[in-house]
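Results of the structural survey
Chain by chain, the residues:
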Amino acid sequence: MPIDRQDALDYHSTGRPGKIAVVPTKPALTQRDLSLAYSPGVAEPCRDIAANPEDVFRYTARGNLVAVVSNGTAVLGLGNIGALASKPVMEGKGVLFKRFADIDVFDLEIDATDPDDVIRFCEMLEPTVGGINLEDIKAPECFYIEEELKRRLDIPVFHDDQHGTAVISGAALLNALEITRRRIREVRVVFSGAGASAIATAEHYVALGVRRENILMCDSKGVIRKDRSGSQLDPYKARFAHDTPHRTLADALHGTDIFVGLSVAGAVTGEMIAPMAEQPIVFALANPDPEITPEEVHKVRPDAITATGRSDYANQINNVLGFPFIFRGALDVRARTINNEMKLAATHALAELAKQDVPEAVERAYGEDRFRFGRDYLIPKPFDPRIMLWVAPAVARVAMETGVARQEIDLERYPKELETRLGRGREVMRDIMDRARRDPRRIVYPEGEHERVIRAARQVVDADIAHPILLGRPERIQRRAAELGISLERMEVVDIAADEDRLTRYAERLYRRRQRKGVTEAEARERVRQPVTFACMMVSEGDADGVVAGADMYYPETIRPALETIGTHPDVNHVAGLYMMVLENELVFFADTTVNIDPDAETLAEIALLAARFVRRLGVQPRLAMLSFSNFGSARHPLSDKVRRATELVKTMDPDLEVDGEMQADTAVVSALRQRAYPFSTLQGSANVFIFPDLNSANIAYKLLSRMGGAEAIGPILLGMAHPVHVLERGSEAAAITNLTAIAVVDAQERKTGRRKNTEEDKRSQKTGGRRQNNRS
């Protein structure tokens, strides 16, 4: 996309200048905090580290800290602009490390053109950081610097300008070869450019399987040949010098399979591309403008596969796909180096990830309807959150296998730990999905023909959290799945119109249930043909365990048939909607956010009990705050009186529940304020379940916290139904559908456990001649 010069300057200068800052990770609010952070408390970890150096990873940030080091001699396309002018780039590198892999960075621009000075500086840094990312250092000095540092230091050193392009383009190469059905040992490759990136990329291709003798490399003087004079052939270029009749880039391209450009814009013309082999692979990676544009390539070779370094073309070879996640894996096993095997593992992980279904959030970020593995989608997009979950474990595994890891990690648990770095919401849902995976249930989707539902169903099957049942016309579902490149394996497809046995049975049951509420036999037969009603009847009749619906319907269109067919749980009179609000370091619950517009005290009490019951099922101890504009009678009004009365009812119906009110929101959140002003309050600590006095306040609050407060809203979760029915927000993406499916499965599991427990209690009661107490709260 075009970037205006003034926009770029404003971005860097507005507010606090620059792009990064140091943020404390421990409290520093009191004198005691300061005494722990610095003197005298800081002496204790110092003593431990002096006695055991490995404790530095326990007591300091070293294990998650990378130094980005540059001398500014080869900055982007700007050349040798010096250390000072390179600082915005290095800060930007720090932003990418943090944004994509949660790695902290010190950017260090050093005024040193002598390679040995750079080496000595980095040697002195070793006690401070867990790894060093060399950046924008010109060739051939960069080769010597990296080689020496890898030999001398006991931490990972990685020159991204060399290896980043190699790793990412290597993944694109593997997939392009697969698409064009070529064998890597047989292909011929021509490079335009012989700098750090080109030589490292060529070496990486050799490691992937390309034969060295099948690579020709060209610099500004033409093809690198063995008959060049010594002054024109340094040891690094000499690795790719061959006895060949070809002298120019145009000669070398004739009949070749692959072109890799790491040189300058306009270095290649259409006439030079035209005589390449069938289905040529053209990676024109010069920045900001490629050696030849994809349009120019396709004009002469429509059968070509192309890639560039630019985001406005398909197949962007972007280094951000590599370095953050390679370092993430290396740091987490405390690797002593980043070896070739680890780089190859990153390449293969990226190549494999590109073949998986792409999340809708990624497509939306790029304004695309669909990404699908093929000629225009060889590698993942940078904003795909799964990259860290694929690349970092692959790198960490190989580091352990090759003996460069200081510590072993559990590779089964590691992806789950990485998910927490992507946000607390993923951690919460991971725990719920783990529970769902233990006993998957049958979940029916009325909108089975919808693209987002089909994609979610595939995710559900792949995650082993449920057995999806898609309602719809089989031919449409199959056609849509084929268009999406999604397999329907392990999914059940039910054609409502063709299922006469169930239509008849469901109509009879629905008529029997609703005949005294205005429903005729004919209306019952008509209603069960509606997908939502049919789905709910499946659950009601035991043919499924839960319903997830509403991807393309308004809320009342889903909840009304559910109430008519399934109804509320025997213990309750109302249903309610709840959202899980995931903050950076906290999980809270809001109710009722979707159903009851102006509940009376009795209904509000029931909402509170439903919310508490759900939170307990998640394994969380609920602490309820009944919210109002009043604090414990400070403002007498019918609205605050309602909340106070509801609080009394809740305490009566569930004496063991930690609940208090009525109270204002800040009183609920700030326990110190509540203890000081209202020491009689029975609520301990900060509340984690917030019961709002009406739908207005609850709906406004969750949306404000989500949009302005950065919270992730998971839901809505429908409480109080006789069987699991969960209604999506209209337009929900596949990921949200998958999340609600996991919640529905856990809901179904808990209900079965509860029924089993009640049955056992009944049997015990019968033996003793007594009756089981009916807890209807």
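See the structure printed just above.
Regarding the nonpolar core
In this structure, Ile-132, Phe-191 and Phe-283 are the most contacted members of the largest nonpolar core, which totals 102 residues. For this core, the element with the highest residue contribution is helix H18 (residues 386-401), accounting for eleven residues. Counting residues in each nonpolar core, the second largest holds 66 residues, with Met-491, Leu-610, Ala-612 and Ala-646 among its members.

What about the side chain of Thr-594?
Relative to the helices and strands, Thr-594 is located in the loop between strand S16 (587-591) and helix H27 (601-617). Polar side-chain contacts of Thr-594 include one of 3.1 Å to the side chain of Tyr-555. Beyond its immediate sequence surroundings of up to four residues, Thr-594 is in contact with Tyr-555, Gly-577, Tyr-579, Leu-695 and Pro-716.

Considering the pattern of salt bridges
In this structure the tally under the stated criterion is 61 salt bridges. Of the charged contacts in the structure, one is a salt bridge between Lys-416 and Asp-434, with a shortest N-O distance of 3.3 Å. Separated by 18 residues along the polypeptide, Lys-416 in helix H19 (residues 414-421) and Asp-434 in helix H20 (residues 424-438) bring together distant segments of the chain. A residue is classified by how much of its surface remains accessible, and Lys-416, at 31% relative accessible area, is partly exposed. The closest approach of N and O atoms between Glu-451 and Arg-480, which form a salt bridge, is 2.5 Å. With Glu-451 in helix H21 (residues 451-463) and Arg-480 in helix H22 (residues 474-484), this residue pair connects regions lying 29 residues apart in the sequence. You can call Glu-451 buried: its relative accessible area is 18%. Ionic contacts of the salt-bridge type, sharing partners, join the residues Glu-54, Asp-154, Arg-334, Arg-336 and Arg-406 into one network.

Some points on the sheet that holds strand S18 (residues 658-663)
Think of a sheet as strands paired side by side through backbone hydrogen bonds, with each pair either parallel or antiparallel. Spatially, six strands are ordered S18-S17-S19-S16-S15-S20 in an open sheet, and the strand pairing comes out mixed. Edge positions in the open sheet fall to S18 and strand S20 (712-719), since each of these has one partner strand only. Strand-to-strand twist in this sheet, taken as the mean axis angle between neighbours without regard to direction, amounts to 20 degrees. Most of the contacts of helix H28 (residues 638-653) go to S18, to which it runs at about 165 degrees, and overall it touches strand S17 (623-627) and S18. Helix-sheet contacts for helix H31 (residues 695-707) involve strand S15 (576-582), S16 and S20, and the interaxial angle to S15 is about 20 degrees.

Rules of the game
- Residues numbered from 1 in each chain as written.
- Predicted model: local features only at pLDDT ≥ 70, side-chain atom pairs only at ≥ 80, totals over all residues.
- Heavy atoms only, no water.
- Core = buried A, V, L, I, M, F, W, Y, C linked by side-chain atoms within 4.5 Å.
- Buried < 20%, exposed > 50% of the residue type's maximum accessible area, 1.4 Å probe, protein only.
- Helix = DSSP H or I, 4+ residues; strand = E, 2+ residues; numbered from the N terminus.
- Polar contact = N/O pair within 3.5 Å; in protein donor to acceptor, adjacent residues only side chain to side chain.
- Contact = heavy atoms within 4.5 Å.
- Salt bridge = Lys/Arg side-chain N within 4 Å of Asp/Glu carboxyl O.
- Pairing = 2+ DSSP bridges.
- Axes fitted to C-alpha atoms, helices over the stretch in contact; angles between N-to-C directions.

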